[in-house]
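Analysis of the macromolecular model
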Amino acid sequence: DAKTTQPPSMDCAEGRAANLPCNHSTISGNEYVYWYRQIHSQGPQYIIHGLKNNETNEMASLIITEDRKSSTLILPHATLRDTAVYYCIVQRSNSGYALNFGKGTSLLVTP
Amino acid sequence: DAGVTQSPTHLIKTRGQQVTLRCSPKSGHDTVSWYQQALGQGPQFIFQYYEEEERQRGNFPDRFSGHQFPNYSSELNVNALLLGDSALYLCASSLGGRVRRTDTQYFGPGTRLTVL
């Protein structure tokens, strides 16, 4: 599975959009980009995933560049409850086994 | 709420003891994966169970073993506990199927194990 690179920490003002970047320059054609988040001492929460096209759900939007070497998770209107560690994970479509979590990005949403 | 339940919530053991952690998957899911998360680190994959068999294993010693029951629930057993086994143990369920494929894993709240 391709390795991902994320900034260790980011801040965002409440009500503003939070844009969390992820680099995955070695991603291959059959690998998906997954995003999870983990609020302190809780289990990771699935947010969204995608292969090539941009994706949107009730939680967030996922923008994947055309070359697929990077992606951005967008929380359109961040709230204090969005403060968490966000993990970007690349996983092969035919593996479906281990999720390789890195260190993620610690997002702090401030009032 | 992902629908995955784990018990107990917290557990304190001493070195050398054995521990059993339990997980019930989300309704409709047939695959259970276990992860260990040390303080300040991301979760690390231990193993995955499907059809009552271990299907994939991470880099963990044989002291870590598991079991899956016909109702898809699962147990994680750790023998000869070490101080370094203190961590949050996470269970994730998914719909694995007979063919390897990516299916979203949904995590439970975890069991906090402290080894003294």
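Everything in this summary refers to the structure shown in the same document. Predicted model, so just to flag it, every value in this text is computed and none were measured.

Parameters and conventions
- Residues numbered from 1 in each chain as written.
- Chains lettered and ligands numbered in written order.
- Predicted model: local features only at pLDDT ≥ 70, side-chain atom pairs only at ≥ 80, totals over all residues.
- Heavy atoms only, no water.
- Contact = heavy atoms within 4.5 Å.
- Buried area = accessible area lost by both parts, 1.4 Å probe.
- Salt bridge = Lys/Arg side-chain N within 4 Å of Asp/Glu carboxyl O.
- Polar contact = N/O pair within 3.5 Å; in protein donor to acceptor, adjacent residues only side chain to side chain.
- Helix = DSSP H or I, 4+ residues; strand = E, 2+ residues; numbered from the N terminus.
- Disulfide = S-S within 2.5 Å.
- Buried < 20%, exposed > 50% of the residue type's maximum accessible area, 1.4 Å probe, protein only.
- Phe/Tyr/Trp six-rings, centres within 6.5 Å; stacked < 30°, edge-to-face > 60°.
- Lys NZ or Arg CZ within 6 Å of the ring centre and 35° of its normal.

1. Overview of the interface of chain A and chain B
Every contact between the two is made by 22 residues of chain A and, on the other side, 23 residues of chain B. The contact between chain A and chain B buries some 1800 Å² in all, and 50% of this surface belongs to carbon and sulfur atoms. Ranking the residues of chain A by area buried against chain B places Pro44, Tyr97 and Phe101 of chain A at the top, with a combined share of 35%. Applying the counting criterion to the chain A and chain B interface returns 0 salt bridges. Joining chain A to chain B, the criterion identifies 5 residue pairs in polar contact (both at pLDDT 80 or more). Counting residues per element, the ones that place at least two in the side of chain A that touches chain B are β3 (31–38), β4 (45–50) and β8 (84–92) of chain A.

2. Here's the deal with the state of the cysteines
Evaluation of the coordinates by the stated rule reveals 2 disulfides over all chains. Between the sulfur of cysteine 22 of chain A and that of cysteine 88 of chain A lies a disulfide, 2.1 Å long from S to S. An S-S torsion of about -80° defines the bridge between cysteine 22 of chain A and cysteine 88 of chain A as left-handed. Within this pair, whereas cysteine 22 of chain A is found in strand β2 (residues 18–23), its partner cysteine 88 of chain A is found in strand β8, the two being separated by 66 residues in sequence. When sorted by exposure, cysteine 22 of chain A lands in the same class as cysteine 88 of chain A, which is buried. The disulfide partner of cysteine 23 of chain B is cysteine 91 of chain B, and the gap between their sulfur atoms is 1.7 Å. Taking the torsion about the S-S bond as the criterion, the cysteine 23 of chain B to cysteine 91 of chain B disulfide, at about -55°, is left-handed. With cysteine 23 of chain B in strand β3 (residues 19–24) and cysteine 91 of chain B in strand β9 (residues 87–94), this residue pair connects regions lying 68 residues apart in the sequence.

3. Concerning the packing of aromatic side chains
Two descriptors summarise a pair of aromatic rings, namely the distance from one centre to the other and the angle between the planes of the rings. Tallying each qualifying case throughout the model produces 13 aromatic pairs over all chains. Seen in terms of ring centroids, tyrosine 46 of chain A and tyrosine 106 of chain B are 5.8 Å apart; in terms of plane orientation they differ by 65°. Their pairing is edge-to-face. Linking tyrosine 46 of chain A in strand β4 with tyrosine 106 of chain B in strand β10 (residues 106–107), this pair reaches from one chain into another. For tyrosine 106 of chain B, a relative accessible area of 26% corresponds to the partly exposed category. One residue, lysine 26 of chain B, lies across the ring of tyrosine 106 of chain B, its end atom 5.3 Å from the ring centre.

4. Some words on the pattern of salt bridges
Residues and elements named next belong to chain A. For the coordinates displayed, the defined rule picks out 4 salt bridges over all chains. Residues aspartate 82 and arginine 37 are paired through a salt bridge, measuring 2.7 Å at the closest nitrogen-oxygen approach. Taken together, the residues span a long stretch of sequence, with aspartate 82 in the loop between β7 (70–75) and β8 and arginine 37 in strand β3 at a distance of 45 residues. On the basis of relative accessible area, aspartate 82 is assigned to the buried category, the value being 11%.

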